[in-house]
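Letter by letter, the chains look like this.
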Amino acid sequence: MVTRLRRRIDRHPRLVEAAFLLLIYAATSNQYRRAGDDTLWWPGFALAAVTCTSLPARRRHPGAVVVLTTIGTAVAGSQGSTFGPLLLLPVIVALYELTLQASQQALRIYGFLVAVILVPTALRWDAENEPWANETVSLAFWILLPILHGLAVRARRTYMDTVRTRAEDAERTRHEEAQRRVTEERIRIARELHDVVAHHMALANAQAGTAAHLFSTRPAQTGRILIELTGTTTAALRELEATVGLLRQPETAEESLNPAPGLDRLPDLVAAFAAAALHITIAVEGPVEALSAGVDLAAFRIVQEALTNVAKHAAVNTAHVHLVYAQGQLTITVRNDRSPITPPRVPGGGFGLISMRERAQSAGGSFRAGRCPEGGFSVTAELPIGA
């Protein structure tokens, strides 16, 4: 019932405002009486009409409405009307609206002005001869009541606005965080797909090219290379299936990829490239330390991608991998010798260096790549061992 009534009130605000003003007019005009004989002061109806019709402007000009209603009430009081709550209704409504809108300084000024006008008037033309202390306290109460109530409503609105703003900020932050995580996950999966597809496809391409070159002269070696090619494509399909499976599984990436590849698989990687006629030397310097799963995976993928780039873009048959364990840091350097010719561009390139840099940064390390002064190309990644 209350909800239905509130909806109707919200749908007809002007009608509600008109009814409210009529009630104030009826209550106020009935208080306009002459001193002594208690008869109605007929000009008071016109005065009440003026003070009440000024109230609709209280939201646009609250200060002027306070002054006008105060003067009208003072005039009525000077004719013998009692300064009670009904006579003060227009002033109370105007002061309440002023409190909601005006600054603290303006509120103090207008409140002091109302008191200066009404209190002396009530003491001078007191129709009931009440003690001045009672008259003053009563007037002060009815002046302060709308101000205090308005301050409480204003503070409540400010609090609700703050709560609403914080809720909106929190919702926006949650949405941005969700978007950021989705973007990071997409980049991570794209990086995994690139590492798997680029490595195995480049290796398969090199093996197929070598087999085609040796087919007529060394059939036995060609057969071994084709067997290696079968293993390469099988491994590619297996890793691709595992990576794409991340999109269908609810568990985290670490759970889905276990066991993740690490530097312990370097011998298998070297053997796979050897089948494609790329000979790799591995040098390890310093005491070998255990790596965290994330760093171990990043290190392996960086070496894998660097060697894949050598097989795809460098017309050489030798590459060097140098691992240095020192001062809590693993430094990986992959270098190839000077290329005697410019090799043809292999389709699908363009993201190798980006992938390696992202790998290093995701593990808390750094990455750099460039041509060597003596020729060839090298990439270097520095990864914290305990990351």
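Residues numbered from 1 in each chain as written. Predicted model: local features only at pLDDT ≥ 70, side-chain atom pairs only at ≥ 80, totals over all residues. Heavy atoms only, no water.

Describing the overall build of the chain
Counted only if it meets this: Strands are runs of DSSP state E lasting at least two residues, helices are runs of H or I lasting at least four, and both sets are numbered from the N terminus onward. Each residue's exposure class comes from its accessible area (1.4 Å probe, protein chains only) as a fraction of the maximum for that residue type: buried when under 20%, exposed when over 50%, partly exposed otherwise. It only takes one pair of heavy atoms within 4.5 Å for two residues to be counted as in contact. Only the protein chains shown count as cover for residues, with accessible areas throughout obtained via the Shrake-Rupley method and a probe of 1.4 Å.
When you go through the chain residue by residue, the secondary structure sums to 12 helices and five strands. Residues counted as buried form 38% of the 387 residues belonging to the chain. Residue pairs in contact within the chain that sit at least 24 positions apart in sequence constitute 70% of those at least 6 positions apart. In the structure as shown, the chain presents an accessible area of about 22,400 Å², 60% of it carried by carbon and sulfur atoms.

Observations concerning the nonpolar core
We apply this condition: Side-chain atoms within 4.5 Å link the members of a nonpolar core, which is a set of buried Ala, Val, Leu, Ile, Met, Phe, Trp, Tyr and Cys residues.
Core analysis: the largest hydrophobic core is formed by 35 residues, its most contacted members being Leu-263, Leu-307, Leu-323, Leu-330, Ile-332 and Leu-383. At the level of elements, helix H10 (266-274), helix H11 (293-313), strand E2 (318-326), strand E3 (329-336), helix H12 (352-362) and strand E5 (377-384) are the ones that each hand at least two residues to this core. By residue number, the principal contributor to this core is H11, which donates nine residues. Excluding residues within four positions of it along the chain, Ile-332 makes contact with Ala-299, Val-303, His-322, Leu-323, Val-379, Thr-380, Ala-381 and Leu-383. The next biggest cluster of nonpolar side chains, apart from the first, holds 28 residues, and it includes Ile-24, Ala-57, Ala-76 and Leu-95.

Section: the UniProt feature "transmembrane region" (unreviewed entry) in the chain
To keep things clear, this is the line we draw: UniProt positions are given in the numbering used here, feature names are shortened, and annotations may be inferred rather than shown by experiment.
The positions that UniProt labels "transmembrane region" (unreviewed entry) are, in the present scheme, residues 40-57, 83-100, 107-125 and 137-155. Between the end C-alpha atoms of residues 83-100 there is a gap of 24 Å, over a span that is 67% helix and 0% strand. For residues 137-155, the end-to-end C-alpha separation is 26 Å, with 100% helix and 0% strand making up the annotated structure.

What about H11?
What counts here: By this rule the span expected of a helix is its residue count minus one, scaled by 1.5 Å.
With 21 residues, H11 extends 30 Å from end C-alpha to end C-alpha; this agrees with the ideal 30 Å at 1.5 Å per step. Within H11, 17 of the 21 residues are buried, leaving the element largely enclosed by the surrounding structure.

Notes on the sheet that holds strand E1 (residues 279-285)
Quick note on the threshold: Only strands joined by at least two bridges in the DSSP assignment are considered to pair. A fitted line through C-alpha atoms serves as each axis, taken over the contacting stretch for helices, and the angle formed by two N-to-C directions is quoted from 0 to 180°.
What the five strands build is an open sheet, ordered E1-E2-E3-E5-E4; its pairing is mixed. At either end of the open sheet lies a strand with only one pairing partner, and these are E1 and strand E4 (366-371). Pairs of neighbouring strands in the sheet enclose a mean axial angle of 10 degrees, with direction left out of account. Bridge analysis of E1 against E2 gives seven bridges, and the strand direction is parallel. Bridge pairing links Ile-282 to Val-321 in E2. Here H12 sits on the sheet and contacts E4 and E5; the angle it forms with E4, its principal contact strand, is near 150 degrees.

Comments concerning unusual backbone geometry
Of note, Gln-327 is a non-glycine position whose phi angle comes to about 55 degrees, a positive value. Position of Gln-327 relative to the elements: it lies in the loop between E2 and E3. For Gln-327, a relative accessible area of 84% corresponds to the exposed category.

A word on the packing of helix H4 (residues 62-78) against helix H5 (residues 89-101)
Inclusion rule: When describing relative orientation, an angle under 35 degrees is termed roughly parallel and one over 145 degrees roughly antiparallel, while 65 to 115 degrees is termed roughly perpendicular and anything else oblique. We call a crossing left-handed when the near helix sits turned anticlockwise from the far one by less than a right angle, and right-handed when that turn is clockwise.
Close contact between H4 and H5 brings their axes to 9 Å; oriented N to C, the two are set at 160 degrees. Taken together, the axes of H4 and H5 are roughly antiparallel relative to one another. Crossing geometry of H4 relative to H5 is assigned as left-handed. On H5, the residues that touch Pro-62, Gly-63, Val-65, Val-66, Thr-69, Thr-70 and Thr-73 of H4 are Pro-90, Val-91, Ala-94, Leu-95, Leu-98 and Gln-101.

Here's the deal with the environment of Arg-59
Considering the arrangement of structural elements, one finds Arg-59 in the loop between helix H3 (43-53) and H4. As for Arg-59 and Gln-101, which are separated by 42 residues in sequence, their C-alpha atoms are 7.9 Å apart. Once residues within four sequence positions are removed from consideration, Arg-59 is found in contact with Glu-17, Glu-97 and Gln-101.

Let's talk about the packing of H11 against H12
The condition is simple: All residues other than Ala, Val, Leu, Ile, Met, Phe, Trp, Tyr, Cys, Pro, Asp, Glu, Lys and Arg, Gly among them, are scored as polar; the first ten of these are nonpolar and the last four charged.
Their axes nearest at 9 Å, the elements H11 and H12 cross at an angle of 165 degrees. Put simply, H11 runs roughly antiparallel to H12. In terms of crossing hand, the pair formed by H11 and H12 is left-handed. Of the residues in H12, those touching H11 at Leu-297, Ala-298, Arg-301, Ile-302, Glu-305, Ala-306 and Asn-309 are Gly-352, Leu-353, Met-356, Arg-359 and Ala-360. Looking at the contact of H11 with H12 residue by residue, the classes come out as seven nonpolar, two polar and three charged.

Description of the pairing of E4
Bridge count for E4 against E5 is six bridges, and the pairing is antiparallel. Bridge pairing in E5 places Ser-366 opposite Glu-382. Counting the residues between successive antiparallel strands, the hairpin from E4 to E5 contains five residues, one of them, Gly-375, with a positive phi of roughly 110 degrees.

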